[in-house]
Amino acid sequence: MSTAHIENPVAYENAVKRYIIGNAQKTWRKITPRADEIESALVVGLVYNDRGDFKGYSDDFMGKMAYSFYFFGKLSPKQCEAILKGIDARAARRAEWADKKAALDATREHIGTVGEKVTLTLTVGHVVVLEGSYGTTFIYIMEDADQNTVIYKGTSTAVLFTPEGIARGKGDTLTITATIKEHGVRNGVKQTVIQRPKVTATKQV
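The rules behind each value
Residues numbered from 1 in each chain as written. Predicted model: local features only at pLDDT ≥ 70, side-chain atom pairs only at ≥ 80, totals over all residues. Heavy atoms only, no water. Salt bridge = Lys/Arg side-chain N within 4 Å of Asp/Glu carboxyl O. Helix = DSSP H or I, 4+ residues; strand = E, 2+ residues; numbered from the N terminus. Buried < 20%, exposed > 50% of the residue type's maximum accessible area, 1.4 Å probe, protein only. Phe/Tyr/Trp six-rings, centres within 6.5 Å; stacked < 30°, edge-to-face > 60°. Expected span 1.5 Å × (residues − 1).

Pairing is possible between side chains that carry opposite charge, provided their charged atoms lie close to one another. Counted under the stated rule, the structure contains nine salt bridges. Note that glutamate 39 and arginine 29 form a salt bridge whose closest N and O atoms lie 2.8 Å from each other. Here the residue glutamate 39 occupies a position in helix H2 (residues 35-41), and arginine 29 occupies one in helix H1 (residues 9-31), the gap between them amounting to ten residues. Its relative accessible area of 34% is what places arginine 29 among the partly exposed residues. Put simply, glutamate 37 and arginine 34 hold a salt bridge, and the shortest N to O gap is 2.8 Å. Residue classification places glutamate 37 among the partly exposed positions, given a relative accessible area of 32%. Salt bridges linked by common partners bring Lys101, Asp105, Arg108 and Glu143 together as one network.

Taken as a whole, this structure holds ten aromatic pairs when the rule is applied. Between tyrosine 57 and tyrosine 67 the ring centres are 5.5 Å apart and the planes differ by 85°, which places this aromatic pair in the edge-to-face class. Here the residue tyrosine 57 occupies a position in strand E2 (residues 54-57), and tyrosine 67 occupies one in helix H3 (residues 61-72), the gap between them amounting to ten residues. Arranged with centres 5.0 Å apart and planes meeting at 85°, the rings of phenylalanine 71 and phenylalanine 72 form a pair that is edge-to-face. Phenylalanine 71 sits in the partly exposed class, given a relative accessible area of 46%. Through a chain of ring-to-ring contacts, three or more aromatic side chains come together here, namely Tyr48, Phe54, Tyr57, Tyr67, Phe71 and Phe72.

With 31 residues, helix H4 (residues 77-107) extends 45 Å between its outermost C-alpha atoms, agreeing within 8% with the 45 Å of an ideal straight helix rising 1.5 Å per residue. Among the residues of H4, those classed as buried are Cys80, Ile83, Leu84, Ile87 and Asp105.

Written as structure tokens, this is what we have:
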């Protein structure tokens, strides 16, 4: 078709290309099993700048697949098969991890008795820092050698920093004295909540 009478031929050509690609994508979605899963997976192949504007495609397999889909409007059966293989492998790993976590969670027990002062050797798993109108609150999520969960929530930095001011991190092992505040359950997992922790020894990774 001649574009001599069109005011903006470039815009017209781009509109035609978008229309063709859009139709190709609609056809591909209708005939491709699990098309929605494949299309969702292509997002990882897109690159955006700090403002969220699209920049292009990543220089890897998923970037090439995303380019093919958004530039040509479709993917070949072999390309779809490769993407689905990756999707299924990740799903299998997540399921395996979930099963292992569920099995581990079922073995977790409460430690000591409420009100008891105990000495515990714990490994730091995660530290949550909450800023509020009354200052900073820390939530320490830790485990003992049997992988029982121990929680401290408060304003003390005794667990977070050494006396020298060095931050303790994930994987560090602490020997502490504390009082058992309560025995709780969160998401089906038994947790021992402590208060007034005092670190007596540290082993940092």
